[in-house]
Structures are given as structure tokens and as C-alpha cells.
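# Overview (structure and organization)
Next come the chains, spelled out residue by residue.
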Amino acid sequence: MSGAVDLSSLKQPPAGAAGAPSAPGGDYAVGETDFETKVLRRSAEVPVVVALYSQRSPGSVELVRTLERLVVADGGTWALATVEAETNMRIAQALQVQGIPTVVAIAGGRPLADFEGAQPEPQVRQWLNAVIDAVAGKLPGAEEEQAQPEPEDPRFTAAEEALERGDLAGAEAAYEAIIAAEPANEEAKAALRQLRFLARAQSIPDWVIATADADPADVEAALNAADVEMLNQRPEASFDRLIALIKRTAGDERTTARTRLLELFELFDAAEPFVVAARRKLATALY
């Protein structure tokens, strides 16, 4: 039935419409006045099973009682709306009801599935499970609820605001304070590494790359060129430059180059393919 039935007429009940009638048990009764709230809007969060019945039909009353037991047992994974068809003809017409009882599952404001006639509880349970599985993780209201962001940490907010002002020293101090209080805070550590790299690299002129290429023995130029390449989002070129420097140096110069390379590795997730490849090249260069 998905999308085949227009329920828009039920969003505004007619003037003077009567309230929801009493259903067997009464707790799930829905009428024209509250159909939009209890069924259409609610169906954005969980599927709503609408059971249309008649007090004059013992089979339909028993089906409603079965659904009442099942909705309690399922603990909120779906909602039940019981509608007495004879006093809510507009609902019955909108759902194109041909006989009583009729059960219709509404999801996201649209009919999803239905069945007609009294059914034994095992078959009703099987039908409900299929409805629940069909909408799992797809309803807009449920997604919005899951997507609620966690409250922002004011300490990180202060650091980010300092960055926006161009106050790199203030931002660095803010991240250092977080780490001092929480030595295991990986988010603050990563932010501090990024910040220190930015503070170092943004003042290096781009022409240092040409200088380093012209004189491979210039260790300082090679280190600066690697920073500029990283700043320009060329991590592979930056890594390769430092690995080449490690290969042709020794002692303190090699240690300096290796330390710089490891610092740049830490700017990325260790599982990034280009980081994994560079680490292999480093191992070969060292041993």
C-alpha cells in the first residue's frame, strides 16, 4: 500500500468533529480530531498500527485486544491506534477500508502494509515483525533523535574561538590546559598537533621547495619544504622528501629528519593508506 493512499484530508478534522471514541481497553482509541497527532506525526518516529474495528463485530474486538497485548509486550517499537470505523467514516474512507476488521501500518505518514479480517495471534505477530523490520533505521523522526549532537565542551569551544580570532598562542594554551587536566584526551592531543604544525608551517615561503630541490644536502630547507608540501595537502610528497633525507643523512641530522616525519604521520589516522605506505618506506630506509 505504500504511497497508494492519500491521508492529507485527515490532517485537519472537520469542524465540530467528535472526540476519539472508546475502544476495547480505551487507552489506544483514536478519532478524527487526534488522528494527525497520534498517527501521522507519531509515525515519523515509529510505525503506527491502525486497527479499524466495530463494537458489533466480536472478531474485530478480539483482534484489537490481541494488538493491545502485543504493543505492551514490544515496549515502544511500534504504536497502536484503535479506530471505531462506524463513528470515524472519514478515516475508514481515507484508508480505503473494505471490511472490518482492517489493520493498516502507517510509517512516515504513509500506509506501508495492511491486512483484513480477524487473524490468530501468531500471524499477527509475524506481520508486526515484518513491519518493524521494514522501517528499521528509516523513519525521519527516529533519525533526528539519533542525530542529536552531544553538548559541546566549553574548553574546546574556547580554543576554537581563539583560532577564529587568529590567536594561535591562546588556542595552544587552551589545548594544553585540557591535556594537563586529562592526559588521555586524544581529541585535544590531535588538535594540539595540528595547531603546532600550522603555526610552524604557515610562515614558511613556498619558494623553499625550489631551494631544497636545488641543494639536497640542505637539511633545514628539506624540513621546511616538507612542511610546505604538507600544508599544500601533498602528504605523499612531504613524506617522500623526508624519507629521502633520512636515507642520505646520519647521526643528529637523520634523527631530526626522522622525528619530523613521525610528527607528520601523527597528523593523520594511522590506517590511512598513504601513511601505511610511508611507514614501510621508512622502515626500508632505516634498516
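Preceding this paragraph is the structure being described.
Now for a quick tour of the structure. (Residues numbered from 1 in each chain as written. Predicted model: local features only at pLDDT ≥ 70, side-chain atom pairs only at ≥ 80, totals over all residues. Heavy atoms only, no water.)

For the chain, the count of helices and strands is 13 helices and four strands. Buried residues in the chain amount to 41% of all 287 residues. Pairs at least 24 apart in sequence give 61% of the contacts found in the chain among residues at least 6 apart. Summed over its atoms, the accessible surface of the chain is roughly 15,300 Å², and 51% of this surface lies on carbon and sulfur atoms. (Helix = DSSP H or I, 4+ residues; strand = E, 2+ residues; numbered from the N terminus. Buried < 20%, exposed > 50% of the residue type's maximum accessible area, 1.4 Å probe, protein only. Contact = heavy atoms within 4.5 Å. Areas by Shrake-Rupley, 256 points an atom, 1.4 Å probe, with all protein chains shown as cover.)

Attention now moves to the packing of aromatic side chains. The geometry of an aromatic ring pair is captured by the separation of the ring centres together with the interplanar angle, meaning the angle of the planes. A full pass over the atoms with the stated rule returns six aromatic pairs. By way of ring pairs, the aromatic residues F239, F265, F268 and F274 are connected into one cluster. (Phe/Tyr/Trp six-rings, centres within 6.5 Å; stacked < 30°, edge-to-face > 60°.)

Moving on: the packing of helix 10 (residues 219-231) against helix 12 (residues 251-265). The N-to-C vectors of helix 10 and helix 12 enclose an angle of 10 degrees; their axes lie 11 Å apart at closest approach. Taken together, the axis directions place helix 10 and helix 12 in an arrangement best described as roughly parallel. Touching V219, L223, D227 and M230 of helix 10 are E253, T256, A257, R260 and L264, all from helix 12. By residue class, the composition of the contact of helix 10 with helix 12 is five nonpolar, one polar and three charged. (Axes fitted to C-alpha atoms, helices over the stretch in contact; angles between N-to-C directions. Parallel < 35°, antiparallel > 145°, perpendicular 65-115°, else oblique. Nonpolar A, V, L, I, M, F, W, Y, C, P; charged D, E, K, R; others polar.)

Once that is clear, we can look at the environment of K189. By secondary structure assignment, the location of K189 is in helix 8 (residues 186-201). Between the C-alpha atoms of K189 and Y175, which are 14 residues apart in sequence, the distance is 7.5 Å. The residues contacting K189, other than those within four sequence positions of it, are I179, P183 and A184.

So, about the nonpolar core. Core analysis: the biggest nonpolar cluster contains 21 residues, and F239, L242, L245, L261, L264 and F265 have the highest contact counts within it. Those residues in contact with F265, other than ones at most four positions away along the chain, are F239, V275, A278, R279 and L282. Counting residues in hydrophobic clusters, the runner-up holds 18 residues, among them Y53, W78, A105 and F115. (Core = buried A, V, L, I, M, F, W, Y, C linked by side-chain atoms within 4.5 Å.)

Most of strand 1 (residues 48-53) sits inside the fold, with six of its six residues counted as buried. Side chains V48, V50 and L52 project from strand 1 onto one buried face, and the interleaved V49, A51 and Y53 project onto a second face that is buried too. Bridging between strand 1 and strand 3 (residues 102-107) involves five bridges; their strand directions are antiparallel. Each bridged residue has a counterpart across the sheet, and for V48 the counterpart in strand 3 is I106. (Pairing = 2+ DSSP bridges.)

Before going further, it helps to spend a moment on the side chain of D74. Checked against the element boundaries, D74 lands in the loop between helix 2 (58-73) and strand 2 (79-84). Residue classification places D74 among the buried positions, given a relative accessible area of 18%. Once residues within four sequence positions are removed from consideration, D74 is found in contact with R125 and I132.

With mixed pairing, the four strands of this open sheet are ordered in space as 2-1-3-4. Here the strands that pair on one side only, and so sit at the sheet edges, are strand 2 and strand 4 (110-116). Strand-to-strand, the axes of this sheet are offset by a mean angle of 20 degrees, without reference to chain direction. Pairing of strand 3 with strand 4 involves six bridges; the strand directions are antiparallel. Counted as the bridge partner of V104 is D114 from strand 4. On top of the sheet, helix 2 reaches strand 1, strand 2, strand 3 and strand 4; it is set at about 160 degrees to strand 1, its chief contact. Against the sheet, helix 4 (residues 121-135) makes contact with strand 1, strand 3 and strand 4, and its axis sits at roughly 165 degrees relative to strand 4, the strand it touches most.

A separate point is helix 12. Between its terminal C-alpha atoms helix 12 stretches 21 Å, which fits the 21 Å expected from 15 residues at 1.5 Å a residue. Every buried residue of helix 12 is accounted for by A257, R260, L261, L264 and F265. Along helix 12, the residues classed as buried sweep out an arc of 145 degrees about the axis, all on the same side. Here the buried face of helix 12 lies against helix 8, helix 10, helix 11 (235-248) and helix 13 (273-286). (Expected span 1.5 Å × (residues − 1). Arc of directions from axis to C-beta.)

Bringing helix 6 (residues 154-164) into the picture now. Three or more residues of helix 6 are buried, namely F156, A159 and A162. Considered in projection along helix 6, the buried side chains sweep an arc of 120 degrees and stay on one side of the axis. For helix 6, exposure combined with an orientation more than 90 degrees from the buried face picks out P154 and E164. Where helix 6 is buried, its residues meet helix 7 (168-181) and helix 8. One or two steps after helix 6, the chain reaches G166, where phi turns positive at roughly 85 degrees.

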